[in-house]
Structure formats: C-alpha cells, structure tokens
Amino acid sequence: MGDLLLVRHGETEWSLSGRHTGWTDLPLTENGRKEAEQLAPLIRGLRVGAAFVSPLRRARETAELIGLHRPRVEDDLREWDYGGYEGVTTAEIQRTRPGWFLFDDGVAPGPPEHPGETPEQVGARADRILAEIDTDADVVLVAHGHVLRVLTARYLGLAPSAGAHFQLATGTLSRLGTEHGRPVIAAWNVGAGA
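Here is a short report on the structure shown in this document. Predicted, not measured: the structure shown is a model, and the values here were computed from it. (Residues numbered from 1 in each chain as written. Predicted model: local features only at pLDDT ≥ 70, side-chain atom pairs only at ≥ 80, totals over all residues. Heavy atoms only, no water.)

Focus on the pairing of strand 2 (residues 48-53)
Here's step 1: Relative to strand 4 (residues 138-143), strand 2 runs parallel, the two sharing five bridges. Residue pairing for strand 4: Val48 is matched across the bridge by Asp138.
Here's step 2: As paired elements, strand 2 and strand 3 (residues 72-73) share two bridges and run parallel to each other. Residue pairing across strands places Phe52 opposite Arg72, the latter belonging to strand 3.
Here's step 3: Following the backbone out of strand 2, through helix 3 (residues 57-65) and into the adjacent parallel strand 3, one traces a crossover that is right-handed. (Pairing = 2+ DSSP bridges. Helix = DSSP H or I, 4+ residues; strand = E, 2+ residues; numbered from the N terminus. Right-handed = clockwise from strand over helix to strand, strands pointing away.)

Looking at the packing of helix 2 (residues 30-43) against helix 3
Helix-helix packing: each pair is described by the crossing angle between the helix axes and the interaxial distance.
Here's step 1: Their axes nearest at 8 Å, the elements helix 2 and helix 3 cross at an angle of 40°. With respect to helix 3, the element helix 2 is oriented oblique. Relative to helix 3, the crossing made by helix 2 is right-handed. Listed contacts from helix 3 to Arg33, Ala36, Glu37 and Ala40 of helix 2 are Glu61, Thr62 and Leu65.
Here's step 2: Per-class residue counts for the contact of helix 2 with helix 3 are three nonpolar, one polar and three charged. (Axes fitted to C-alpha atoms, helices over the stretch in contact; angles between N-to-C directions. Parallel < 35°, antiparallel > 145°, perpendicular 65-115°, else oblique. Left-handed = near helix turned anticlockwise from the far one by under 90°. Contact = heavy atoms within 4.5 Å. Nonpolar A, V, L, I, M, F, W, Y, C, P; charged D, E, K, R; others polar.)

A look at the sheet that holds strand 5 (residues 172-179)
Here's step 1: On the basis of which strands lie adjacent, the open sheet formed by six strands has the order 3-2-4-1-5-6 and mixed pairing. Either end of the sheet is taken by a strand with one partner, and the two such strands are strand 3 and strand 6 (182-190).
Here's step 2: In the sheet, strand 1 (residues 4-8) pairs with strand 5 via five bridges, with the strands oriented antiparallel. Note on strand 5: the bridge partner recorded for Val7 is Leu173.

Some remarks on helix 7 (residues 145-155)
Here's step 1: Buried residues dominate helix 7, accounting for ten of its eleven residues.
Here's step 2: Where helix 7 is buried, its residues meet strand 1, helix 5 (102-105), helix 6 (119-132), strand 4, strand 5 and strand 6.
Here's step 3: Within two residues after helix 7, Gly157 carries a phi angle of roughly 80°, on the positive side. (Buried < 20%, exposed > 50% of the residue type's maximum accessible area, 1.4 Å probe, protein only.)

Section: helix 2
Here's step 1: The end-to-end C-alpha distance of helix 2 is 21 Å, a good match for the 20 Å that 14 residues give at a rise of 1.5 Å each.
Here's step 2: Buried within helix 2 are the following residues: Gly32, Glu35, Ala36, Leu39, Ala40 and Ile43. Projected down its long axis, helix 2 carries its buried residues within an arc of 165°, all on one side.
Here's step 3: On its buried side, helix 2 packs onto strand 1, helix 3, strand 5 and strand 6.
Here's step 4: After helix 2 finishes, the residue Gly45 shows a positive phi value of roughly 90°. (Expected span 1.5 Å × (residues − 1). Arc of directions from axis to C-beta.)

Digging into the pattern of salt bridges
Here's step 1: Applying the stated criterion across every chain, the model contains eleven salt bridges.
Here's step 2: We note a salt bridge from Asp76 to Arg128, for which the minimum N-O separation is 2.8 Å. Pair noted here: Asp76 is in the loop between strand 3 and helix 4 (90-96) and Arg128 is in helix 6, with a separation of 52 residues, a long-range link.
Here's step 3: Assessed through its relative accessible area of 12%, Asp76 is described here as buried.
Here's step 4: Salt-bridge contacts for Arg154 lead to Asp127; the nearest nitrogen and oxygen are separated by 2.9 Å. In this pair, Arg154 sits in helix 7 while Asp127 sits in helix 6, placing the two residues 27 residues apart along the sequence.
Here's step 5: Overall, the relative accessible area of 26% leaves Arg154 in the partly exposed class.
Here's step 6: The structure contains a network of salt bridges with shared partners spanning Asp75, Arg78, Glu117 and Arg125. (Salt bridge = Lys/Arg side-chain N within 4 Å of Asp/Glu carboxyl O.)

Re the environment of Ser54
Here's step 1: Here Ser54 is to be found in the loop between strand 2 and helix 3.
Here's step 2: The sequence separation of Ser54 and Asp81 amounts to 27 residues, and the corresponding C-alpha distance is 13 Å.
Here's step 3: Among residues more than four places away in sequence, those in contact with Ser54 are Ala59, Arg60, Val73, Glu74, Leu77, Arg78, Val142, Ala143 and His144.
Here's step 4: At 3.2 Å, the side chain of Ser54 and the backbone nitrogen of Leu56 are in polar contact.
Here's step 5: A polar contact of 2.7 Å, which involves the side chain of Ser54, links it to the side chain of His144. (Polar contact = N/O pair within 3.5 Å; in protein donor to acceptor, adjacent residues only side chain to side chain.)

By themselves these figures say nothing about function.
Given below as structure tokens:
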C-alpha cells in the first residue's frame, strides 16, 4: 500500500473559536481557503491512486482548493458526532464537567438524529476506511481533526482514544507510511509555510 495523506480542512469560524463542529455544515473562512490553497503544491506531483473526502462542505471545499478532482465522498470520514456538545467549546463544557476530555469522557447525548459517538464508534468508522484502501499509490483523505486523529491511532494499531496524542491543525497535511513493514507517522501538521 502507498502512503496515506491526511488533509485536515482549512479554518472555519467555529474551528477558529474552538467550538466543537461535528455535523454543522460550515464553509471555510477566507483564511481557511488560503490554508487549503497553500497545500496544493504539496499534493501536486504525487502519484495519487485514490482520494476520499468527508461529505461536509468544509472538507469538500478544501479538496477542491488543493486540486483534487472528483474525490469519492465517504460518509465514514465525517467528523465525530459531538451530540449535546455540538457548537460548544471545551472551556464551556468544563464549567459543568471539570477536567472533561473528549477522548476519555465522550460526549453528552444529543438529539435523536445526532446522539453523539464514543471513541470506539469513531474508531469503527476509521477501521472501515482503512480496510477499504487497497492501492499501491498514495491515498488522500480530506476530513476533520478528530476523525483523522482517531484514524491515525487505528492505523498505528492503537486504541481510538490514543488519537488524543496527535494534535492536528487546520489546513495541514500529514503522512502515514511504513518503515520496515511497520506503520509510522512519516510527517505531521505540514503546511505550506513549514
């Protein structure tokens, strides 16, 4: 298998303010569009065998701006369903749940159409994506911070909650590869200015 190239979408108003953005379908900010455009040279020239994108607008806009033509929309790449914490910042949550941490404590239940997910449920989605990838060329996944962090943990053979250890900035490219037949992080949080 080729390398997995993980692209976190560019900045949105909610990522800028630290609000948990799962299913809310926000556009990129002007800065978010610039972040995505600056990644295009890093993608150009790669031997991309397949490209997948979350169905959410911020990821689809990013995919278009980095030059991916007709990536396959993959529902399993949507962001973590934050349930009752959708649109709420960590600081606001910690006012009523001191010490709350997403990867350890999960989310409060939300409405029936977005009840929230556990790390294990997000991990199951990541496992399905990883099982589907079968190409000798590089594969680009354009998605969201938390789901890509969990996917990284699963790629490395770790529990979904280990995604807590992989901070991922907006508008960045990361590379998962192998060394001596073992999965590794080959690059992380690379931006055009890096």
